[in-house]
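Secondary and tertiary structure notes
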Amino acid sequence: MKPYKNKINRIRSFALSLIFLGVIIMYLGIFFRQNEIIMLIFMILGLLAIIGSTVVYAWIGTLSTRAVQIVCPNCGKSTKMLGRVDMCGHCREPLTLDPTLEGKEFDEAYNRPTKNKKTVNK
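Throughout this document, residue positions are counted from 1 along each chain, in the order its sequence is written. Side-chain atom pairs in this predicted model are given and counted only at pLDDT of 80 or more, local residue features only at pLDDT of at least 70, and totals for whole chains, interfaces and linings cover all residues. Computation of side-chain values: all heavy atoms of the structure, hydrogens and water removed.

Examining the overall build of the chain
For the chain, the count of helices and strands is three helices and four strands. Runs of H or I in DSSP of at least four residues are treated as helices and runs of E of at least two as strands, each being numbered from the N terminus. When the helices and strands of the chain are placed in sequence order, the string is α-α-β-β-β-β-α. Each residue's exposure class comes from its accessible area (1.4 Å probe, protein chains only) as a fraction of the maximum for that residue type: buried when under 20%, exposed when over 50%, partly exposed otherwise. Burial statistics for the chain: of 122 residues in total, 26% are counted as buried. The contact rule is simple, with two residues in contact once any of their heavy atoms fall within 4.5 Å. In the chain, the proportion of contacts linking residues at least 24 apart, taken out of those at least 6 apart, comes to 42%. Residue exposure ignores everything except the shown protein chains as possible cover, and the areas themselves are Shrake-Rupley values with a 1.4 Å probe. Taken as a whole, the chain presents about 8500 Å² of accessible surface, with 65% of it coming from carbon and sulfur.

Given below as structure tokens:
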């Protein structure tokens, strides 16, 4: 199982990878210079990936402004937290603002609504 990362950093990494993917797709279009239609398709697909990255960056920026800013008890640095449970963006310490989840093992499923109902009933 891959290690869990902070949600905000994970979404920003996805947006950055969209930029690189768009540039690579555009670069592949250069190999089809003889056929302008195929080259144009590659260029448009690359441009759409870069525009998609811009949309994701704008979305995570607005989401980040509404995120709760807390101080990590482990490293002492401030980090932003989305949902009921999240990781510290600096030291990957599991964090929660829900007193019913303190002391429990970290599970990303606590952020899902179906899991929330199960934990309340327990």
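Quick word on the packing of aromatic side chains
Pairing of aromatic side chains requires ring centres within 6.5 Å, counting the rings of Phe and Tyr and the six-membered ring of Trp. Pairs whose planes differ by under 30 degrees are stacked, by over 60 edge-to-face, and all others tilted. This structure, assessed with the given rule, holds two aromatic pairs. Their ring planes at 85° and their centres at 5.7 Å tell us that Tyr-27 and Phe-31 sit as a pair that is edge-to-face. As far as burial versus exposure is concerned, Tyr-27 and Phe-31 are alike and both exposed. Between Phe-32 and Phe-42, the aromatic rings sit 5.3 Å apart at their centres with planes inclined by 10°, giving stacked as the arrangement. Taken together, the positions of Phe-32 in the loop between α1 (7–29) and α2 (36–66) and Phe-42 in helix α2 put the pair 10 residues apart, joining distant regions of the chain.

Points about the side chain of Thr-79
Within the fold, Thr-79 resides in strand β2 (residues 78–81). Accessibility expressed as a relative area gives 6% for Thr-79, which makes it buried. Contacts of Thr-79, omitting those with residues within four sequence positions, involve Asn-6, Val-68, Gln-69, Ile-70, Cys-88, Gly-89, His-90 and Leu-95.

Description of the UniProt feature "transmembrane region" (unreviewed entry) in the chain
UniProt positions are given in the numbering used here, feature names are shortened, and annotations may be inferred rather than shown by experiment. Within this numbering scheme, the UniProt entry marks residues 12–31 and 37–60 as carrying the feature "transmembrane region" (unreviewed entry). Regarding residues 12–31, the helix share stands at 90% and the strand share at 0%, and the terminal C-alpha atoms are separated by 30 Å. For the annotated span residues 37–60, helix accounts for 100% and strand for 0% of the residues, and the straight-line distance between the end C-alpha atoms is 35 Å.

Observations regarding the nonpolar core
In terms of nonpolar packing, the biggest core is built from five residues, these being Ile-70, Cys-72, Met-81, Cys-88 and Leu-95. Leaving out residues up to four positions away in the same chain, Ile-70 has contacts with Lys-77, Ser-78, Thr-79, Met-81, Leu-95 and Leu-97. Working definition of a nonpolar core: buried Ala, Val, Leu, Ile, Met, Phe, Trp, Tyr and Cys residues. They are joined through side-chain atoms within 4.5 Å.

Some remarks on α2
The periodicity of an α-helix, 3.6 residues per turn, causes residues three or four places apart in sequence to face the same way. Here, expected helix span is obtained from the residue count minus one, scaled by 1.5 Å. In a regular helix each residue adds 1.5 Å, so 31 residues correspond to 45 Å; α2 covers 45 Å between its end C-alpha atoms and thus fits that length. Every buried residue of α2 is accounted for by Gly-46, Ala-49, Ser-53, Val-56, Ile-60 and Ser-64. Those residues of α2 hidden inside the fold are in contact with α1 and β2.

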